[in-house]
Amino acid sequence: MERKPIIDRIEHEVQALQGDATKDVSYSSERIFASEAEAQEAFKLSVSKLLNINGWSGLSSLTADFQLHDTNGQPKLNDQPQVGDYIRVALPGPMPENWVHVRDFISTENRVEFTVNPSHDPHESTEQIEHFFHKEAQSTFRVELTGKTIRASEIGRQEGINNRQPEAGNRAAINTVIAETGWLFYQKFQWKLLTDYLVGL
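In this convention, every chain numbers its residues from 1, walking through the sequence in written order. Totals for whole chains, interfaces and linings use every residue, but because this is a predicted model, local features are given only for residues with pLDDT of at least 70 and side-chain atom pairs only at 80 or more, for both listing and counting. For side-chain calculations, the full set of non-hydrogen atoms in the structure is used, while hydrogens and water are omitted.

Asker: Account for the overall build of the chain, with residues named and values stated.
Answerer: Numbered from the N terminus, helices here are DSSP runs of H or I no shorter than four residues, and strands are runs of E no shorter than two. Within the chain, the regular secondary structure consists of 3 helices and 7 strands. Across the chain, helices and strands are ordered from the amino to the carboxyl terminus as α-β-α-β-β-β-β-β-β-α. For this analysis, residues touch if any pair of their heavy atoms sits within 4.5 Å. For the chain, the proportion of contacts with a sequence separation of at least 24, taken over those separated by at least 6, is 59%. Only the protein chains shown count as cover for residues, and the accessible areas themselves come from Shrake-Rupley with a 1.4 Å probe. For the chain, the accessible surface area stands at approximately 10500 Å², while carbon and sulfur atoms represent 51% of it.

Asker: Give a description of the pattern of salt bridges that names residues and reports values.
Answerer: Pairing is possible between side chains that carry opposite charge, provided their charged atoms lie close to one another. The salt bridge criterion pairs a side-chain nitrogen of Lys or Arg with a carboxyl oxygen of Asp or Glu, the two atoms within 4 Å. Evaluation of the coordinates by the stated rule reveals 9 salt bridges. We note a salt bridge from lysine 76 to aspartate 79, for which the minimum N-O separation is 3.5 Å. Remark: exposure states derive from per-residue accessible area (1.4 Å probe, protein chains only) relative to the maximum for the residue type, with buried under 20%, exposed over 50%, and partly exposed in between. A residue is classified by how much of its surface remains accessible, and lysine 76, at 10% relative accessible area, is buried. For glutamate 130, the salt bridge identified is with arginine 171, shortest N-O distance 3.2 Å. In this pair, glutamate 130 sits in the loop between β5 (111-118) and β6 (138-146) while arginine 171 sits in the loop between β7 (149-159) and α3 (172-199), placing the two residues 41 residues apart along the sequence. A relative accessible area of 4% means that arginine 171 is categorised as buried. The network of salt bridges with common partners includes Lys76, Asp79 and Asp85.

Asker: Before we move on, could you go through the nonpolar core and cite the residues and values that matter?
Answerer: The set of buried Ala, Val, Leu, Ile, Met, Phe, Trp, Tyr and Cys residues whose side-chain atoms join them within 4.5 Å is what this entry labels a nonpolar core. Counting 38 residues, the largest nonpolar core has Leu50, Trp56, Phe66, Ile87, Phe114, Phe141 and Val143 as its most contacted members. Considering each element in turn, this core owes the most residues, 7 residues, to α3. Beyond its immediate sequence surroundings of up to four residues, isoleucine 87 is in contact with Ile53, Phe66, Gln67, Leu68, Asn98, Trp99, Val100, Val102, Phe114 and Val116.

Asker: Go over the sheet that holds strand β1 (residues 23-32), please, and point to the residues and values.
Answerer: Between any two strands, pairing holds if DSSP finds at least two bridges. Here 7 strands make up an open sheet; going across it, the order is β1-β7-β6-β5-β4-β3-β2 and the pairing antiparallel. Every other strand in the sheet has two partners, leaving β1 and β2 (65-69) as the edge strands with one partner each. Mean inter-strand twist for the sheet, computed between neighbouring axes without regard to direction, equals 20°. In the sheet, β5 pairs with β6 via 6 bridges, with the strands oriented antiparallel. Directly across from glutamate 113, in β6, lies its bridge partner arginine 142. Here the axes come from fitting lines to C-alpha atoms, over the contacting stretch only for helices, and the angles between their N-to-C directions go from 0 to 180 degrees.

Asker: Please give an account of helix α2 (residues 36-51) that cites residues and values.
Answerer: Spanning 16 residues, α2 covers 22 Å between terminal C-alpha atoms, matching the ideal 22 Å at 1.5 Å per step. When α2 is considered as a whole, its buried residues turn out to be Ala39, Ala42, Phe43, Ser46, Val47, Lys49, Leu50 and Leu51. Expected helix span is computed as 1.5 Å times (number of residues minus one).

Asker: Break down the environment of valine 25 for me, citing the residues and quoting the values.
Answerer: Its location among the elements puts valine 25 in strand β1. Judged by relative accessible area, valine 25 falls into the buried class, the value being 18%. Along the primary structure valine 25 and glutamine 158 are separated by 133 residues, whereas in three dimensions their C-alpha atoms are 8.7 Å apart. Setting aside chain neighbours within four positions, we find valine 25 in contact with Glu154, Ile155, Gly156, Arg157 and Glu159.

Asker: Please set out the pairing of β7 residue by residue, giving values where relevant.
Answerer: Most of β7 sits inside the fold, with 8 of its 11 residues counted as buried. Pairing of β1 with β7 involves 9 bridges; the strand directions are antiparallel. Looking across to β7, one finds that serine 29 is bridged to alanine 152. Direction of pairing for β6 relative to β7: antiparallel, over a ladder of 9 bridges. Bridging from a neighbouring strand, glutamine 138 pairs with arginine 157 of β7. Here β6 folds back onto β7 in antiparallel fashion, the turn holding 2 residues, of which glycine 147 has a positive phi close to 65°.

Structure (structure tokens):
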């Protein structure tokens, strides 16, 4: 009875690695506090960590470095992301830089989040997507407070490899390698470490 679903999953995995399918993947961490008052204070710190994107760097020698840039591609040292900003993501090792564009920002009393899409390098005139995922992919970074619980999440949607022309430019092969590694190991390590950091684990 389980054979067909397993085969379907394997076929979808192969299609995804070839760039013919997309994936939705989420990672989250939560922390429960002794009281709602304590959770509310901790939530403020979690929001501060979430919005200090440059502070995401250095969580581990194996994780990426992040740098927030404004709409003109200039580094923002002590500011929170705004719609239209860019984020440079430098993976560990001899990998090309990856860029994302902030497309949405939501802030309420108990939830703060922003969403990014793969993007071109804002310093270049070309529209080539400088990211291993195609431009339709999106990631939402969120922290939320519910009673005595804080939850941090990275929510990936429509993740597909950027290995088709002309969008991929000369990065098609390396994008495939990076995305395969990300789906099999690296992505889980990176985002779980980040969500743990955001809730203070």
